[in-house]
Amino acid sequence: QVQLVESGGGLVQAGDSLRLSCAASGRTFTTYAVAWFRQAPGKEREFVAGISWNGGSTYYEDSVKGRFTISKDNAKNMAYLQMNSLKPEDTAVYYCAAQRWAATVTTMTQDYGQWGQGTQVTVSS
């Protein structure tokens with residue numbers, strides 16, 4: 001299995017951008033699909049964006065389409081979430097998750113066996 005560590009969160013103003021990073025260790029990211037989830041206070045964890053193990057497919061939750069971009073760099077064992085035009089509604093703890101050999105993106109938390117510790121994103125109006 002892989003170990004995942006997120007970074008890049010912070011406090012920003014509405015309309016600003018952030019790039020979240022997910023660093024993997026233990027195994028290469030090559031054979032793992034990656035997804036970003038988020039959880040706001042009092043809310044359930046929800047899917048945000050995902051990318052297949054080979055990078056051939058991506059999928060985004062409707063509210064972030066056109067604003068967020070997920071990417072994966074197997075050579076560096078890294079995944080990223082570029083977040084543009086941030087809104088206060090995006091405020092949450094963001095988690096990186098991995099699923100081995102997933103050729104298509106899935107959106108259920110139970111599909112992912114490896115999780116990072118989360119990084120806080122706060123967007124003020």
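The preceding data block contains the structure.
Residue indices follow the written sequence of each chain, beginning from 1 at its first position. Predicted model: local features are reported for residues with pLDDT of at least 70 only, side-chain atom pairs are reported and counted for 80 or more only, and whole-chain, interface and lining totals are derived from all residues. Hydrogens and water molecules were not included; the side-chain quantities draw on all heavy atoms of the structure.

**Student:** Before we go on, may I ask you to explain the packing of aromatic side chains in this structure?
**Tutor:** The description of an aromatic ring pair uses the distance of the two centres, along with the angle that the planes make with each other. Note on ring pairs: Phe, Tyr and Trp rings are taken, using the six-membered ring of Trp, and paired if centres are within 6.5 Å. Classes follow the plane angle, with under 30 degrees stacked, over 60 edge-to-face and the rest tilted. Inspection of the entire model under this criterion finds six aromatic pairs. Ring geometry for Phe 37 against Trp 115: centres 5.0 Å apart, planes inclined by 50 degrees, an arrangement best described as tilted. On the criterion of sequence distance, the pair formed by Phe 37 in strand 4 (residues 32-39) and Trp 115 in strand 10 (residues 114-115) is long-range, its members being 78 residues apart. Taking 5.4 Å as the distance between ring centres and 70 degrees as the angle between the ring planes, the aromatic pair formed by Trp 53 and Trp 101 counts as edge-to-face. Separated by 48 residues along the polypeptide, Trp 53 in the loop between strand 5 (46-51) and strand 6 (58-60) and Trp 101 in the loop between strand 9 (92-100) and strand 10 bring together distant segments of the chain. In this structure an aromatic cluster arises from ring pairing among Phe 37, Phe 47, Tyr 59, Tyr 112 and Trp 115. Think of it as a cone above the ring: NZ of Lys or CZ of Arg counts as a charge over the ring if it is within 6 Å of the ring centre and within 35 degrees of the ring normal. When the ring centre of Tyr 95 is taken as origin, the NZ or CZ atom of Arg 45, which lies over that ring, is 3.7 Å away. In this text, helices come from DSSP runs of H or I with a minimum length of four residues, and strands from runs of E with a minimum of two, each type numbered from the N-terminal end.

**Student:** Could you clarify how one ought to interpret unusual backbone geometry in this entry?
**Tutor:** Note on backbone geometry: most residues besides glycine have negative phi, and most peptide bonds are trans. One non-glycine residue with positive phi stands out, namely Ser 85, at about 50 degrees. Checked against the element boundaries, Ser 85 lands in the loop between strand 8 (78-83) and strand 9. On the basis of relative accessibility, which here comes to 42%, the residue Ser 85 falls in the partly exposed class. Its identity is not glycine, yet Trp 101 carries a phi of approximately 60 degrees, on the positive side. A simple rule labels every residue: compare its accessible area, found with a 1.4 Å probe on the protein chains alone, to the largest value its type can have, and call it buried under 20%, exposed over 50%, or partly exposed in between.

**Student:** Even after reading the chapter, I still don't get the nonpolar core, so can you show me in this structure?
**Tutor:** Side chains of nonpolar character tend, in soluble globular proteins, to be buried together. Counting 28 residues, the largest nonpolar core has Phe 29, Trp 36, Leu 81, Met 83 and Tyr 94 as its most contacted members. For this core, the elements supplying multiple residues, two or more each, are strand 3 (18-25), strand 4, strand 5, strand 7 (68-73), strand 8, strand 9 and strand 11 (119-124). We call two residues in contact whenever any of their non-hydrogen atoms come within 4.5 Å of each other. Setting aside chain neighbours within four positions, we find Phe 29 in contact with Leu 4, Cys 22, Ala 24, Val 34, Lys 72, Asn 74, Asn 77, Met 78, Ala 79 and Ala 98. Nonpolar core, defined: a set of buried Ala, Val, Leu, Ile, Met, Phe, Trp, Tyr and Cys residues in which side-chain atoms within 4.5 Å join the residues together.

**Student:** It is not clear to me how the side chain of Thr 31 should be interpreted in this structure. Could you clarify?
**Tutor:** Note that Thr 31 resides in the loop between strand 3 and strand 4. Look at Thr 31 and you get buried, because its relative accessible area is 14%. In this structure, Thr 31 is in contact with Trp 53, Gln 99, Arg 100 and Trp 101, ignoring residues within four places of it in sequence.

**Student:** I tried to follow the pairing of strand 5 on my own but got confused; where do I start?
**Tutor:** For a regular strand, side-chain orientation follows a simple rule: the groups alternate between the two sheet faces. With respect to burial, strand 5 is a largely interior element, five of its six residues being buried. Strand pairing is assigned whenever DSSP detects at least two bridges linking the two strands. As judged from the five bridges shared by strand 4 and strand 5, these two strands associate in the antiparallel manner. Bridge pairing links Val 34 to Ile 51 in strand 5. Looking at chain direction, strand 5 and strand 6 are connected through three bridges and run antiparallel. Bridge pairing links Ile 51 to Thr 58 in strand 6. In textbook terms, the turn of a hairpin is the stretch between consecutive antiparallel strands, and for strand 5 and strand 6 this stretch comprises six residues, one of which, Gly 55, has a positive phi near 75 degrees.

**Student:** Honestly, the side chain of Lys 72 in this entry has me stumped. Any pointers?
**Tutor:** Counting through the fold element by element, Lys 72 comes out in strand 7. Charge counting follows a simple rule: Lys and Arg are positive, Asp and Glu are negative, and His as well as the terminal groups are ignored. Between Lys or Arg on one side and Asp or Glu on the other, a salt bridge is scored when a side-chain nitrogen of the former is within 4 Å of a carboxyl oxygen of the latter. Buried charge Lys 72 goes without a salt bridge, the closest partner of opposite sign being Asp 73 at 8.7 Å. Polar contact is the term for a pair of N or O atoms within 3.5 Å; when the atoms are in protein, one must be able to donate a hydrogen and the other to accept it, and sequence-neighboring residues count only if both atoms are side-chain atoms. At a separation of 3.3 Å, a polar atom in the side chain of Lys 72 contacts the main-chain carbonyl oxygen of Trp 53. There is a polar contact of 2.4 Å between the side chain of Lys 72 and the side chain of Asn 74. Other than its neighbours up to four places away in sequence, Lys 72 contacts Phe 29, Thr 30, Tyr 32, Val 34, Ile 51, Ser 52, Trp 53, Met 78 and Ala 79.

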